[in-house]
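# A closer look at the structure
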Amino acid sequence: MTFEEFYAEQLPAMKSAEEMLLRIADQYVLAAEDGRMIQPVIYCTSRIKSPDSALQKLERCGWEKNRSAALTELYDIIGLRIVCSFIDDVYQVSDWLKARPEFEVDEIKDYIAFPKPNGYRSLHLKVRIREGPSSGFRAEIQIRTIAIDFWATLEHQLKYKQEIEHETLIRKELKRCADEIASVDLSMQTIRDLICDGWSMDRKDGNPRDSLLRV
Ligand code: 0O2
């Protein structure tokens, strides 16, 4: 089924919501250009969920399989992904987005603090548009580091494979990689902090990143 067939007369307003989210992300990128050594946002992508993917999710969640249910039940029907350099940037973008007047944040799923069993780590903001032609539409903003984005792109391929040889081994390896990436993300953040903010060697506040200094 094509996007036009499934979303029909709602499609232009959905595209306008997608464009609005991208514009908002651009505003953050511009606002964050304050002479920082490394830009907090590396890139942003957006998409409208494919009809097949929307129907599969509706079925998985036990909802009716039609456009109306897709628009009222699924937040990730319109998606914006913001890919950042460091973990701290992820939370800073999120705090900035939470204060935006253009949408209401209904729910936040923090898969960084609470990773999925497969190792997926990302921050999901489920929002409802407040203004303009797409007022009332739902969308999901995903914010993650470039390292986990690389992982998620490969892991996502598993979803579209019917039969996977050595599936157990592949999933185990992906989980191991996700854990290593989380550890590298934390070390990169610490190194960035050391370079940019300096470090007092007599600090005794039990910072969990202290272990890095002892390596
Ligand atoms: P498509 O259409 O192929 O782009 P949520 O309530 O959405 O925060 P939920 O319901 O567990 O969390 O998420 P769901 O429906 O599994 O996934 C929503 C989207 O989040 C996915 O889109 C992915 O973009 C991303 N995502 C969530 N979990 C994972 C994961 O384990 N691995 C990867 N690689 N991505 C994930 P779709 O459905 O793939 O959509």
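Residues take numbers from 1 onward in each chain, read along the sequence in its written order. This being a predicted model, a pLDDT of at least 70 is required before a residue's local features are given, and a value of 80 or more before pairs of side-chain atoms are given or counted; all residues contribute to the totals for chains, interfaces and linings. Computation of side-chain values: all heavy atoms of the structure, hydrogens and water removed.

## With respect to helix α3 (residues 51–61)
For every residue, the accessible area (1.4 Å probe, protein chains only) is compared with the maximum for its type, and the residue is labelled buried under 20%, exposed over 50%, or partly exposed between those bounds. Strands are runs of DSSP state E lasting at least two residues, helices are runs of H or I lasting at least four, and both sets are numbered from the N terminus onward. Among the residues of α3, those classed as buried are Pro51, Ser53, Ala54, Leu55, Lys57 and Leu58. Any two residues whose heavy atoms approach within 4.5 Å are treated as being in contact. Turning to α3, the residues buried within the fold contact α1 (3–7) and α4 (67–73). One or two residues past the end of α3 sits Gly62, with phi positive at roughly 80°.

## Considering the packing of helix α2 (residues 11–31) against helix α5 (residues 87–98)
Helix packing geometry: the angle between the two helix axes and the distance between the axes. To obtain an axis, a line is fitted to C-alpha atoms, over the contacting stretch when the element is a helix, and the angle between two such axes runs from 0 to 180 degrees between their N-to-C directions. Interhelical geometry of α2 versus α5 gives an angle of 120° and a closest axis separation of 11 Å. In terms of orientation, α2 and α5 fall into the oblique class. Seen along the crossing, α2 lies across α5 with a hand that is right-handed. Residues Ile24, Gln27 and Tyr28 of α2 lie in contact with α5, whose contacting residues are Gln92, Val93, Trp96 and Leu97. The residue inventory of the contact of α2 with α5, partitioned by class, reads five nonpolar, two polar and no charged. Our angle categories are set so that under 35 degrees counts as roughly parallel, over 145 as roughly antiparallel, 65 to 115 as roughly perpendicular, and the remainder as oblique. Crossing chirality is assigned from the near helix's rotation relative to the far helix, an anticlockwise turn below a right angle marking it left-handed and a clockwise turn marking it right-handed. Each residue receives one of three labels: charged for Asp, Glu, Lys and Arg, nonpolar for Ala, Val, Leu, Ile, Met, Phe, Trp, Tyr, Cys and Pro, and polar for the others, Gly being one of them.

## Here's the deal with the pattern of salt bridges
Throughout this description, the term salt bridge denotes a Lys or Arg side-chain nitrogen within 4 Å of a carboxyl oxygen of Asp or Glu. Tallying each qualifying case throughout the model produces 17 salt bridges. Notably, a salt bridge pairs Glu140 with Lys126, separated by 3.3 Å at the nearest N-O pair. Here the residue Glu140 occupies a position in strand β5 (residues 138–145), and Lys126 occupies one in strand β4 (residues 123–129), the gap between them amounting to 14 residues. For Arg176, the salt bridge goes to Glu180, with nearest N and O atoms at 2.7 Å. One end of the pair is Arg176 and the other is Glu180, both in helix α7 (residues 167–197) and four residues apart, which spans about a single turn. Residue Glu180 is classed as partly exposed on the basis of its relative accessible area, which comes to 46%. Residues participating in the shared-partner salt-bridge network are Arg47, Lys49, Lys57 and Asp76.

## Observations concerning α7
The end-to-end C-alpha distance of α7 is 44 Å, a good match for the 45 Å that 31 residues give at a rise of 1.5 Å each. Within α7, burial applies to Leu174, Ala178, Ile181, Asp185, Gln189, Thr190, Arg192 and Asp193. Any helix carries an expected span of 1.5 Å times its number of residues minus one.

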